[in-house]
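One letter stands for each residue in the lines below.
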Protein chains: 2
Amino acid sequence: MKTTVTWNQKMQFTATDEAGNTTPMDAQPEHGGEGHGPTPKQLVLEGLAGCTAMDVIAILNKMRSPPVALRVEASTEMTETHPKVFTAIHLRYVVKGDVPVDKLEKAIKMSQDTYCGVSAMLRKAAPITWEYAFE
Amino acid sequence: MKTTVTWNQKMQFTATDEAGNTTPMDAQPEHGGEGHGPTPKQLVLEGLAGCTAMDVIAILNKMRSPPVALRVEASTEMTETHPKVFTAIHLRYVVKGDVPVDKLEKAIKMSQDTYCGVSAMLRKAAPITWEYAFE
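Owing to the predicted nature of the structure, the values given are computational and were not obtained by experimental measurement. (Residues numbered from 1 in each chain as written. Chains lettered and ligands numbered in written order. Predicted model: local features only at pLDDT ≥ 70, side-chain atom pairs only at ≥ 80, totals over all residues. Heavy atoms only, no water.)

**Description of the interface of chain A and chain B**
The partner chain B presents 63 residues to the 63 residues of chain A that form the contact. Roughly 5,300 Å² is buried in total at the junction of chain A and chain B, and carbon and sulfur atoms are behind 71% of that figure. For the chain A face of the interface with chain B, the top three residues by lost area are A:Met1, A:Met54 and A:Met121, together amounting to 17%. At the junction of chain A with chain B, the criterion picks out zero salt bridges. Counting across the interface, chain A meets chain B through 14 residue pairs in polar contact (both at pLDDT 80 or more). Mapped by element, the contributors of at least two residues to the side of chain A that touches chain B are β1 (2–9), β2 (12–17), β3 (22–25), α1 (40–62), β4 (69–78), α2 (101–115) and α3 (117–122) of chain A. (Contact = heavy atoms within 4.5 Å. Buried area = accessible area lost by both parts, 1.4 Å probe. Salt bridge = Lys/Arg side-chain N within 4 Å of Asp/Glu carboxyl O. Polar contact = N/O pair within 3.5 Å; in protein donor to acceptor, adjacent residues only side chain to side chain. Helix = DSSP H or I, 4+ residues; strand = E, 2+ residues; numbered from the N terminus.)

In structure tokens:
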């Protein structure tokens with residue numbers, strides 16, 4: 001996998017992946033950022049939530065129990081000193097639709113235990129806990 | 001830090017951070033993706049490259065040796081089996097401008113050793129190597 005991150009100006013950067021997709025980034029306001037995109041660490045957390053969300057959709061589709069709606073809320077605790085790293089990560093899967101609880105639990109476990117590469121990598125840095133809710 | 005990743009349709013998702021910035025994501029084509037954004041794992045790699053790129057700009061600014069241009073090219077080796085994780089990460093800092101080599105090296109080392117939280121986390125999953133080039 002490859003990516004290129006190019007400096008634009010101030011603390012603004014643009015990432016370009018191999019397919020040509022571009023993603024803006026900016027620093028936090030206290031580090032000179034001006035809100036022109038998520039921070040790099042935000043992108044990492046978004047990648048984690050997206051990775052497992054995709055797994056859950058794909059697995060529930062295979063189980064013939066797709067949800068009507070799904071979102072994954074991710075939250076972290078972090079160190080106060082450099083390097084600022086996640087010390088705990090929590091994922092909350094919020095599902096809408098007629099998805100049996102046992103299938104949802106199995107899908108989440110399969111993602112966290114077997115399929116989600118981002119979870120597998122970040123779990124080496126911080127514990128990942130999860131819960132789910134229907135709404 | 002918080003983020004929410006919401007399923008749109010097919011394998012397309014949108015991440016929304018606390019400041020309201022949105023980032024699209026899509027799966028790889030072989031997993032049903034249609035190119036509507038980077039993959040989650042791409043975002044993680046982009047976050048890594050962006051994190052250290054921001055550090056290097058900020059440190060070179062403090063050293064009164066800002067570059068004219070900077071990009072960070074990131075590449076990985078990955079496992080073939082699930083969970084697909086990075087097994088090696090390489091960063092190439094490409095600099096344009098009158099930046100003394102010793103200052104550039106020091107800035108990169110300070111980022112990798114002290115400041116870049118994403119590097120500190122991902123290094124627990126895979127070794128990170130780096131080089132630099134002027135152009």
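**Focus on the side chain of A:Asn21**
Tracing the backbone through its elements, the reader meets A:Asn21 in the loop between β2 and β3. Apart from residues no more than four positions distant in its own chain, A:Asn21 is found in contact with A:Ala15, A:Thr16, B:Gly35, B:Gly37 and B:Pro38.

**A few points about the domain arrangement of chain A**
Residues and elements named next belong to chain A. Per the domain assignment, the segments of chain A are domain 1 (1–38) and domain 2 (40–134). Centre-to-centre, using C-alpha coordinates, domain 1 lies 24 Å away from domain 2. In this complex, domain 1 contributes four residues to the contact, which on the side of domain 2 involves four residues. Around 360 Å² of area is buried between domain 1 and domain 2 when both sides are counted, 83% of it from carbon and sulfur atoms. Its largest share of buried area at the contact with domain 2, domain 1 owes to Met-25, His-31 and Pro-38, together 81% of the area lost on that side. Where domain 1 packs against domain 2, one counts zero salt bridges. Taken together, the connections running from domain 1 to domain 2 amount to zero residue pairs in polar contact (both at pLDDT 80 or more). (Domains from an automatic or database assignment.)

**Here we look at the relation of the copies chain A and chain B**
You can overlay chain A on chain B at an RMSD of 0.0 Å; the transform is a turn of 180° with a shift of 0.0 Å along its axis. The superposition operator between the copies reduces to a two-fold rotation axis. Taking the C-alpha atom as reference, chain A places A:Val44 closest to the rotation axis, 2.2 Å from it. (Least-squares fit on C-alpha atoms with pLDDT ≥ 70 in both.)

**Here's the deal with the packing of aromatic side chains**
Each aromatic ring pair is specified by the distance between its two centres and by the angle formed by the two planes. Residues and elements named next belong to chain A. Per the counting criterion, the structure on display carries four aromatic pairs over all chains. Judged by centre distance (6.4 Å) and plane angle (90°), the rings of Tyr-93 and Trp-130 are edge-to-face. Of the two residues, Tyr-93 is situated in strand β5 (residues 86–96) and Trp-130 in strand β6 (residues 128–134); the sequence distance between them amounts to 37 residues. Residue Tyr-93 is classed as buried on the basis of its relative accessible area of 0%. Ring centres of Tyr-132 and Phe-134 lie 6.3 Å apart, and the angle between their planes is 85°; on these two criteria the pair is classed as edge-to-face. Judged by relative accessible area, Tyr-132 falls into the partly exposed class, the value being 25%. (Phe/Tyr/Trp six-rings, centres within 6.5 Å; stacked < 30°, edge-to-face > 60°. Buried < 20%, exposed > 50% of the residue type's maximum accessible area, 1.4 Å probe, protein only.)

**Section: α2(A)**
Residue and element names in this part refer to chain A. Between the first and last C-alpha of α2 there are 20 Å, a value that for 15 residues agrees with the 21 Å anticipated at 1.5 Å per step. Restricting attention to buried positions, one finds in α2 the residues Leu-104, Ala-107, Ile-108, Ser-111 and Gln-112. For α2, the angular spread of buried residues about the axis comes to 120°, placing them on one side. Every exposed residue of α2 that faces more than 90 degrees away from the buried side is listed here: Asp-102 and Asp-113. Looking at the buried positions of α2, the neighbouring elements they touch are α1, β5, α3 and β6. (Expected span 1.5 Å × (residues − 1). Arc of directions from axis to C-beta.)

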